[in-house]
Amino acid sequence: MEILRNVFLVFHLFGFAALLGGVFFQLRAKDPVAGSYMLSSAVVQLVTGVGLIWTRTSLDLPVVHAKMAVKLTLDVLVAVTALAGMRNKKPWAFYAVGVFTAAAAVVAVAWK
């Protein structure tokens, strides 16, 4: 089960890297828009985040439920905003995805 937790953690970090890396890459463009990679990465974040909660609970490791609720809420916001941005091609969605992703990273690191 510990190996599965580590696999979820690695893929969760890959999803975060794809989201934030894509945001930084798109910032160079004239008109940045949310792309399909953002939605795919957001889904990876959601699935692996739930998997991490499940494995931590299964291993009797401590889980801060309030923190996990905030993180999952931010991950859902990222996914919904990325989907809206893909459909509407509006720059506000692109920037919102970047802000929500950064906020999720801050919550993950700063909240103990």
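Definitions and limits used
Residues numbered from 1 in each chain as written. Predicted model: local features only at pLDDT ≥ 70, side-chain atom pairs only at ≥ 80, totals over all residues. Heavy atoms only, no water. 1 Å grid on protein atoms, 1.4 Å probe; cavity = no way out; pocket = protein on both sides within 12 Å on 5 of 7 lines; lining within 4 Å. Points joined across faces, edges and corners; volume = space filled by probe spheres on them. Helix = DSSP H or I, 4+ residues; strand = E, 2+ residues; numbered from the N terminus. Nonpolar A, V, L, I, M, F, W, Y, C, P; charged D, E, K, R; others polar. Buried < 20%, exposed > 50% of the residue type's maximum accessible area, 1.4 Å probe, protein only. Contact = heavy atoms within 4.5 Å. Patch = residues over 30% accessible without salt bridge, like charges linked within 9 Å, V, L, I, M, F, W, Y side chains within 5 Å. Areas by Shrake-Rupley, 256 points an atom, 1.4 Å probe, with all protein chains shown as cover. Salt bridge = Lys/Arg side-chain N within 4 Å of Asp/Glu carboxyl O.

(A) Geometry of empty space enclosed by the protein. Summed over all chains, the structure comprises 1 cavity of 30 Å³ or more. If you add up the space inside the largest cavity, you get close to 40 Å³. Residue lining of the largest cavity: Phe16, Leu19, Gln45, Asp75, Val78, Thr101 and Ala104, and that is the complete set. Counting only elements with at least two residues in the lining of the largest cavity, the list comes to α1 (2–26), α3 (65–88) and α4 (91–110). Residue composition of the lining of the largest cavity, grouped by class: 4 nonpolar, 2 polar and 1 charged.

(B) The arrangement of the side chain of Arg5 in detail. With respect to the helices, strands and loops of the structure, Arg5 is situated in helix α1. On the basis of relative accessibility, which here comes to 15%, the residue Arg5 falls in the buried class. Beyond its immediate stretch of four places on either side in the chain, Arg5 contacts Leu52, Thr55, Arg56, Leu59 and Leu61.

(C) Fine view of a nonpolar patch on the surface. A cluster of nonpolar side chains, Met1, Ile3, Leu4, Val7, Val10, Phe11, Phe14, Val44 and Trp54, forms an exposed patch at the surface whose accessible area comes to about 850 Å². Those elements that place two or more of their residues in the nonpolar patch are α1 and α2 (36–58). The element best represented in the nonpolar patch is α1, accounting for 6 residues. Structurally, Trp54 can be placed in helix α2. Look at Trp54 and you get partly exposed, because its relative accessible area is 45%.

(D) Here's a closer look at the layout of surface pockets. Roughly 530 Å³ of internal volume is contained in the largest pocket. Forming the walls of the largest pocket are 24 residues, and the residues nearest its centre are Leu52, Lys67, Met68, Lys71 and Ala108. For the lining of the largest pocket, the secondary-structure elements that each account for two or more residues are α1, α2, α3 and α4.

Such coordinate-based values are descriptive only and should not be taken to indicate function.
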